Structures are given as structure tokens and as C-alpha cells.
Number of protein chains: 2
Amino acid sequence: MYSIKVASRKTGIEPVTIRAWERRYGVIEPKRTDAGFRLYTDEDVADLKWLKHQVEEEGLSISQAAKQLKQRKQEQFPAFKQNNGIRTVNNNDSIPPLSELAEKLHDAIDSFDVERADQLLETGFSMYPFDELFHHVLTPLMHRIGDEWEEGTISVAQEHFASHLFRQRLYQFFKVFSMNPNLPNALALCPPGENHEIGLLLFSLFLKRKGVGVIYLGANTPTHGLEKIIVENDIRIVFFSMTRSENAEALRELILLLKEQFPGLKIVLGGQGVPSDDEVLQHFYLKDQPADWETWFGQLSVLKN
Amino acid sequence: MYSIKVASRKTGIEPVTIRAWERRYGVIEPKRTDAGFRLYTDEDVADLKWLKHQVEEEGLSISQAAKQLKQRKQEQFPAFKQNNGIRTVNNNDSIPPLSELAEKLHDAIDSFDVERADQLLETGFSMYPFDELFHHVLTPLMHRIGDEWEEGTISVAQEHFASHLFRQRLYQFFKVFSMNPNLPNALALCPPGENHEIGLLLFSLFLKRKGVGVIYLGANTPTHGLEKIIVENDIRIVFFSMTRSENAEALRELILLLKEQFPGLKIVLGGQGVPSDDEVLQHFYLKDQPADWETWFGQLSVLKN
DNA sequence: AAATAGTTGTACAAACCTTATACAAAGATT
DNA sequence: AATCTTTGTATAAGGTTTGTACAACTATTT
């Protein structure tokens, strides 16, 4: 908070003038001290600078500039949006059936409409059990977007945007499930070059739901220093997601290295990019189906202590 | 512990003045000897220096500076938080003061403890205004983590983990602020090779708070297809974050290309990695200070229609 | 005991802030 | 050309803030 003198120095406008503007045009009405001294914020200073600029550079009169600023300020705080305690009933856009949800979501993503996409997800989650939504809406949608991206129908940015949106949602569920200290810890990551982490998130969520502590490292994680993390956090499971087969060789190297260093470590590999002719990688491969995940988890016998 | 004379010599403030400040603003109330002589600690001396600095360099009045200091001190010891009128005494695990929060969060990140980090953030956000937390805890913490990563003290995975955690939180606030249809749309992204998106998120949030519609593309976004997004979504502002100077050349190319294709487009550049000798990039550079953001936003005159 | 340094309280002047009124120069209107 | 409006600046009269000074007293040190 600045006094009028400091505000004057910061803006290059005489204090008298600042007061005159306030008195005459009601623009920039700063807080006051108990004694009535003006106290200007950074925003006020910025607004004063803007006014000065309009007058000196753009040739506006101060009255015009002030009017414009006032209008802008009002637009920024639209008096009352009608969602103040009052429930706005959205009767024309009724609750979408599950089958339509994916379609509508796809539309929203196509036009980068965060608000709408978020609202769709919101209603979706409030209506259907969340694993239903994941496996019948989000997973197919992500696959579809992935395909469209391969074809070039959709931009990479859209793919990015969609993952971001979903990751956001998925990650919220992480917090809901508590950890079981008797179960092993897991590490989830996409190796460098991999940006598509939805599958990784789904599997992490599956583990989390089972009570496994998951350290989620996400997309495009450098593998250097992984050993340290494994040792320090008593990691028993490492999960990689791979969607691009280009990374197969580097990943095979890494997995063999980890296996050698930590013989007891469970390594799991998921994603579309695992080459079917790579024997090593196939050995660690786990299909993208929840049923397979359940089977795998049932056979898991690396319980702690 | 120093007498008032020593404190005066160390700070360069007359003893009379120090006493007057204490009497009038209640700031810096040192311990006393049995006889009532003032005893200043190193912290007191530092606080006095801070006050002097605010008054002499920043142009604040002593009353304002004192008020700020007092507020900060109080935040550090919120002994009780009276929610609902009832004073809840939290005697075993008390509410972390703002200064400790960063430290505790750093610990939690160091040990990959999502639960704890999340809980710390939760209590933090419920206690302090959120921009306070961003600028006094999260931003410094991210810088610290960034530094430690450069030094090699911390692993890349940890850096990853921390951004993930914060991004999660920051993004939640995106939904709170409504969009103003009269303001331009903005696009926020880190170019390929950039993984540090906290600055980007902070700026996006600032814009969102002002009512600007932000399409957030996040870290490591391929720039191919950007033109299409700009056209289809009527983007008027593009914000890049750059923390690594290695990407300067590619980014300069991109910016010049965009400027050519969309002359009216506002391009903003943030982050630590903008080389000071690059004239083109410096032209678009915006400092990391909220006060500068306000100024920039005030001068923004690309209103829609 | 004298010298030095500390304490509180009151006092004061310079700097700064407040509102209200006034005024001259520039621009717009009649 | 005369008149009205706008706008930056000036001045007056009165309150506030703030650094410093002084008085009266107390404590510590030499």
C-alpha cells in the first residue's frame, strides 16, 4: 500500500492531479487510513499508469479514458452473477446418458472449452460410479483422441488439453483412497519421450484403490536417479507406460538394469506401444483391461514384511 | 543480545527513533533486563533493517511498513485460529506458521509423501489467503527446488513430483474465477524441452482472476499446430514460460513466426531462462513480479470486438 | 561520586495529507 | 468572436505523521 506521494512518484502524475481525477471522475478510489489518508495498491498504480498512457500517448481526454477504465472495471466484476446461492436450473441441457457423454466431451475438447468439459465431467461423476466413467467414457475417449492425433485430425495441443483435464479429475481421486501400510509401494512413470499418461493414471488409481501407496511421477520422467528413489522409498513395484514403440530399446535396457539391481522388484509395463515381438518387454507386459489388472493384483505376493 | 545503542549502530537508526517506532506502532518489542533495559536479538536487528529499507528505498511510510511487518509476524504465529467464534486450541500438532510451511512441504516432497504434502497444502489454503501462499510459499519453494535440482542435491523426479502437486492445487482455482466474454482469450504453454510450469500456472491464474479466458496447455507442448488453435479460438494473448536458456533460439524463431502471421497477437514471455542479451526475446519479456503483471494488464488494450 | 547510558513522557517543527475554492489555458460549442 | 466546458495546477486552512529534542528519573560502570 502506497501513500499518494509514492503513487505519484511511481506513476509520474502529480498528487494534485490524482486527487482531481478521483474527485471529478470517480476513477481509482483507494482505501483510506483511519485518518483519511489515501492508500494505493499495485493495481491502482497500474490503473493510473494506464490512464496516463491513454492521455499522453493515445490522445484521449482524461474524461474519456476514465470512462473507459470504469467500464472495464465493471465488466471485470459483473455485479452479481446469478449463481449466488441460487441454483441455476439448466433445463434445456439435460443430463446426458453415458453414451452421449463421450461425444459431448469430445466436442468440448475439440473447441477447448474448459468450462463445458468440466461441467460435463462434474455431472458425469455425480451420476455414475467413477470406474464406470473411467472405463466406458474416459478410456475410450482418450484412445479415440490418440487415434485422431495419429491421423492428424486433431492437434497435439488438443491431446495435451484432454490429458490435462482428465489427469486433473483422476488425481482428485488419489486423495480419497487411504494407504494400507502392509502393502508395497509402487512407482508410476512414463519414460522420457512419453507424454501420454492417461493409462498410467488409470493404473495408478487402480493400485491406490487397492491400498497401494503410489508415487506418481507422470509423463516424460528422466530415469536418471531412479535407483535412489527406489531404495529410499522402499519401492516394490515399478509401473511404466509406453505408447510409442520408438522407446522400446531404451526401456528394455532400463528394465534389465533395474532387474539386475533389484531382483525382488516387480516391474509392470502397459500401453499400446509395446512391440509384440520383443520377448523381454512382453514378459512384463500387462494388458489394459481392468479384469487383467485384478488377476495380476491377486497373484501379487510381494506383501510388505 | 544487544543494547539499544548497539542495535542503533548496527541498523543506522537513532535510538530515539527506534523507541518511537516501538511506542507508536508496537513493532519490535524486545526483551528487557530486570531493570527494564531493552535487549535486541539478531532477528530484531534484521527486522529494523527491513523497516529502514522499506522506508528509505521502497518509499513506504513507517506506519505502513510497520503494519506489514506486524502482519507477517502474526502469520508466523497464528497460535489460535478462531473459526466459528470458538477458539480451537491445537496443542499437539499446531498449525504450521507460514515460514515453516515451506520447510515442511520441502520435507514432504523430499520423501515423496503425497498425503502429508497434500494435507499441508490443505491446511495452508484454509488458513491464509491463496495469493499469499503462492507468493510466499509455493514460488520460493519452487525456486529452491529448481536450484537444488541444478546443484544435483535433489532428483529430477522430485522436481517433477513437486510441480505435479502444485499444478494440481493451482488448477483447482482456475474453476473458481468466471470468464468475462469481453476480454480476450489467452493461450499458456511451455515450449518443448520446458518442464517447469509453475510460473506459467501462476500467470495463468492471474489472468483468469482478471476474467481472461485461458487455454492452458502446460509443459512441454509441441508448437506444431499452434496457428490453428490461435485462429479457431480467437486467441489474442500467447504466454510462454522459459526456464532454460537452451531453448532461446527455437523460441525466438517461433515468436517471430507468430508475430508475422498474427500481427495483432500479444506475446508475453516469462521465466528465468530468458537471456538478457537477446533483444528479440527481451522485447516480450515480463518480469515475475505481480506489480509488473498489473502494469502490463493495465496497458493491455486488445479488448474484444 | 562522576560519567555514561538507559527509561518514559511530553513537546515541537517539518513534512505530508485532507478538502474546498479558485484560476488560467486549451478546446468545444454556440 | 463570444461563451461554456474541461483540465491541470495553485492556494488556503486545518489535521496527521514522524523524527528529534528535552526533562526528569534510574541503572551501570569506572
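Structural notes, computed from the coordinates. Given the structure is predicted, the values throughout are model-derived calculations rather than measurements.

1. Let's talk about the overall build of chain A
Line of reasoning, step 1. On a plain count of helices and strands, chain A comes out with 13 helices and six strands.
Line of reasoning, step 2. The buried share of chain A, taken over its 305 residues, is 49%.
Line of reasoning, step 3. Contacts in chain A between residues far apart in sequence, at least 24 positions, make up 68% of those at least 6 positions apart.

2. Re the protein's contact with DNA strand C
Line of reasoning, step 1. The local shell around DNA strand C holds 16 residues, among which Lys5, Arg19 and Arg38 of chain A together with Arg19 and Arg38 of chain B are the closest.
Line of reasoning, step 2. Here, DNA strand C places atoms within 4 Å of the protein, and 92% of those atoms are sugar or phosphate.
Line of reasoning, step 3. Within the contact set of DNA strand C, a phosphate oxygen lies 2.9 Å away from a side-chain nitrogen or oxygen of lysine 5 of chain B.
Line of reasoning, step 4. At 2.8 Å, a side-chain N or O of arginine 19 of chain B approaches a phosphate oxygen of DNA strand C.
Line of reasoning, step 5. At the level of elements, helix 1 (4–11) of chain A together with helix 1 (4–11) of chain B are the ones that each hand at least two residues to the surface near DNA strand C.

3. Remarks on unusual backbone geometry
Residue and element names in this part refer to chain B.
Line of reasoning, step 1. The backbone of isoleucine 28 sits at a positive phi, close to 60 degrees, despite the residue not being glycine.
Line of reasoning, step 2. With respect to the element layout, isoleucine 28 can be found in the loop between helix 2 (15–25) and strand 1 (31–32).
Line of reasoning, step 3. Of the residues examined, isoleucine 28 reaches a relative accessible area of 10% and is grouped as buried.
Line of reasoning, step 4. Even without a glycine there, the phi angle at aspartate 234 is positive, about 50 degrees.
Line of reasoning, step 5. For aspartate 234, a relative accessible area of 30% puts it in the partly exposed group.

4. A few points about the protein's contact with DNA strand D
Line of reasoning, step 1. Taken together, the neighbourhood of DNA strand D is formed by 24 residues, with Trp21, Arg24 and Tyr25 of chain A together with Arg24 and Tyr25 of chain B sitting nearest.
Line of reasoning, step 2. Of what DNA strand D places within 4 Å of the protein, 61% of the atoms are sugar or phosphate.
Line of reasoning, step 3. Within the backbone of isoleucine 62 of chain A, a nitrogen or oxygen atom sits 3.5 Å from a phosphate oxygen of DNA strand D.
Line of reasoning, step 4. Within the side chain of serine 63 of chain A, a nitrogen or oxygen atom sits 3.0 Å from a phosphate oxygen of DNA strand D.
Line of reasoning, step 5. Contributions of two or more residues to the surface near DNA strand D are made by helix 2 (15–25) and helix 4 (62–76) of chain A together with helix 2 and helix 4 (62–76) of chain B.
Line of reasoning, step 6. Class assignment of the residues belonging to the surface near DNA strand D gives a composition of 14 nonpolar, six polar and four charged.

5. Details of the packing of helix 6 (residues 114–127) of chain A against helix 7 (residues 130–151) of chain A
Residues and elements named next belong to chain A.
Line of reasoning, step 1. Their axes nearest at 8 Å, the elements helix 6 and helix 7 cross at an angle of 130 degrees. The orientation of helix 6 relative to helix 7 falls into the category oblique. The two elements helix 6 and helix 7 meet at a crossing, and its hand is right-handed. Residues Leu121, Gly124 and Phe125 of helix 6 form the contact with helix 7, whose own contacting residues are Phe130, Leu133, Phe134 and Leu138.
Line of reasoning, step 2. Of the residues that constitute the contact of helix 6 with helix 7, the class distribution is six nonpolar, one polar and no charged.

6. Considerations on the sheet that holds strand 8 (residues 266–270) of chain B
Residue and element names in this part refer to chain B.
Line of reasoning, step 1. Ordered in space as 6-5-7-8, the four strands form an open sheet in which the pairing is parallel. Since the sheet does not close on itself, it has two edges, and those belong to strand 6 (213–218) and strand 8, each with one partner. Direction aside, the axes of adjacent strands within the sheet are offset by 20 degrees on average.

7. Digging into the interface of chain A and chain B
Line of reasoning, step 1. In this complex, chain A contributes 47 residues to the contact, which on the side of chain B involves 49 residues.
Line of reasoning, step 2. At the boundary of chain A with chain B, total buried surface from both sides reaches about 4500 Å², with 52% on carbon and sulfur atoms.
Line of reasoning, step 3. In this structure, the connection of chain A to chain B is made through one salt bridge.
Line of reasoning, step 4. A salt bridge links lysine 210 of chain B to glutamate 43 of chain A; the nearest nitrogen and oxygen atoms lie 3.4 Å apart.
Line of reasoning, step 5. Every element with two or more residues in the side of chain A that touches chain B is listed here: helix 1, helix 3 (42–56), helix 4, helix 6, helix 8 (156–174) and strand 4 (213–218) of chain A.
Line of reasoning, step 6. In terms of residue count, the dominant contributor to the side of chain A that touches chain B is helix 8 of chain A (10 residues).
Line of reasoning, step 7. Per-class residue counts for the side of chain A that touches chain B are 21 nonpolar, 13 polar and 13 charged.

8. Re the nonpolar core
Line of reasoning, step 1. Core analysis: the biggest nonpolar cluster contains 157 residues, and Leu187 and Phe240 of chain A together with Leu187 and Phe240 of chain B have the highest contact counts within it.
Line of reasoning, step 2. Discounting chain neighbours no more than four positions away, the residues touching phenylalanine 240 of chain A are Leu189, Pro191, Leu200, Leu251, Leu254, Ile255, Leu258, Ile267, Val268, Leu269 and Gly270 of chain A.
Line of reasoning, step 3. One finds Ile4, Ile28, Tyr40 and Leu51 of chain B within the second-largest nonpolar core, a separate group that totals 16 residues.

9. Comments concerning the side chain of asparagine 247 of chain A
All names here are of chain A.
Line of reasoning, step 1. Mapped onto the elements of the fold, asparagine 247 is located in the loop between strand 5 (235–241) and helix 11 (248–261).
Line of reasoning, step 2. Its relative accessible area of 17% is what places asparagine 247 among the buried residues.
Line of reasoning, step 3. Leave out the neighbours within four places in its chain, and asparagine 247 touches Pro192, Gly193, Glu194 and Met242.

10. Focus on the environment of leucine 187 of chain A
Residues and elements named next belong to chain A.
Line of reasoning, step 1. By secondary structure assignment, the location of leucine 187 is in strand 3 (residues 185–189).
Line of reasoning, step 2. Given a relative accessible area of 0%, leucine 187 falls into the buried group.
Line of reasoning, step 3. Each C-alpha atom of the pair leucine 187 and valine 238 lies 4.7 Å from the other, and the pair is 51 residues apart in sequence.
Line of reasoning, step 4. Beyond its immediate sequence surroundings of up to four residues, leucine 187 is in contact with Ile215, Leu217, Leu226, Ile229, Ile230, Ile235, Ile237, Val238 and Phe239.

11. Comments concerning the sheet that holds strand 5 of chain A
Residue and element names in this part refer to chain A.
Line of reasoning, step 1. Within the open sheet, the four strands sit side by side as 4-3-5-6. Their pairing is parallel. What marks the edges here is a single partner per strand, and that holds for strand 4 and strand 6 (266–270). Along the sheet, successive strands turn relative to each other by an average axial angle of 15 degrees, direction set aside.
Line of reasoning, step 2. Pairing between strand 3 and strand 5: five bridges, direction parallel. When the bridges of strand 5 are listed, alanine 186 appears paired with isoleucine 237.

12. A closer look at the pairing of strand 6 of chain B
All names here are of chain B.
Line of reasoning, step 1. In terms of burial, strand 6 is a largely internal element, six of the six residues being buried.
Line of reasoning, step 2. Burial along strand 6 is two-sided: the face carrying Gly213, Ile215 and Leu217 and the face carrying Val214, Tyr216 and Gly218 are both buried.
Line of reasoning, step 3. Bridge count for strand 5 (residues 185–189) against strand 6 is five bridges, and the pairing is parallel. Counterpart to leucine 189 in the pairing with strand 6 is glycine 218.
Line of reasoning, step 4. With respect to chirality, the unit in which strand 5 leads through helix 9 (residues 198–209) into the neighbouring parallel strand 6 is right-handed.

13. Examining the pattern of salt bridges
Note on pairing: side chains with opposite charge can pair once their charged atoms come close.
Line of reasoning, step 1. Applying the stated criterion to the full structure yields 25 salt bridges over all chains.
Line of reasoning, step 2. In this structure, the salt-bridge partner of glutamate 22 of chain B is arginine 38 of chain B, at a minimum N-O distance of 2.6 Å. Here glutamate 22 of chain B, found in helix 2, pairs with arginine 38 of chain B, found in strand 2 (residues 38–39); they are 16 residues apart in sequence, far enough to count as distant.
Line of reasoning, step 3. Residues glutamate 56 of chain B and lysine 52 of chain B are paired through a salt bridge, measuring 3.5 Å at the closest nitrogen-oxygen approach. With glutamate 56 of chain B and lysine 52 of chain B both in helix 3 (residues 42–56) and four residues apart, the pair spans about one turn of that helix.
Line of reasoning, step 4. You can call lysine 52 of chain B partly exposed: its relative accessible area is 23%.
Line of reasoning, step 5. Taken together, the shared-partner salt bridges in this structure form one network comprising Glu43, Asp47 and Lys73 of chain A together with Lys210 and Glu294 of chain B.

Here is what the cut-offs are and how they apply
- Residues numbered from 1 in each chain as written.
- Chains lettered and ligands numbered in written order.
- Predicted model: local features only at pLDDT ≥ 70, side-chain atom pairs only at ≥ 80, totals over all residues.
- Heavy atoms only, no water.
- Helix = DSSP H or I, 4+ residues; strand = E, 2+ residues; numbered from the N terminus.
- Buried < 20%, exposed > 50% of the residue type's maximum accessible area, 1.4 Å probe, protein only.
- Contact = heavy atoms within 4.5 Å.
- Near = heavy atom within 4 Å.
- Polar contact = N/O pair within 3.5 Å; in protein donor to acceptor, adjacent residues only side chain to side chain.
- Nonpolar A, V, L, I, M, F, W, Y, C, P; charged D, E, K, R; others polar.
- Axes fitted to C-alpha atoms, helices over the stretch in contact; angles between N-to-C directions.
- Parallel < 35°, antiparallel > 145°, perpendicular 65-115°, else oblique.
- Left-handed = near helix turned anticlockwise from the far one by under 90°.
- Pairing = 2+ DSSP bridges.
- Buried area = accessible area lost by both parts, 1.4 Å probe.
- Salt bridge = Lys/Arg side-chain N within 4 Å of Asp/Glu carboxyl O.
- Core = buried A, V, L, I, M, F, W, Y, C linked by side-chain atoms within 4.5 Å.
- Right-handed = clockwise from strand over helix to strand, strands pointing away.

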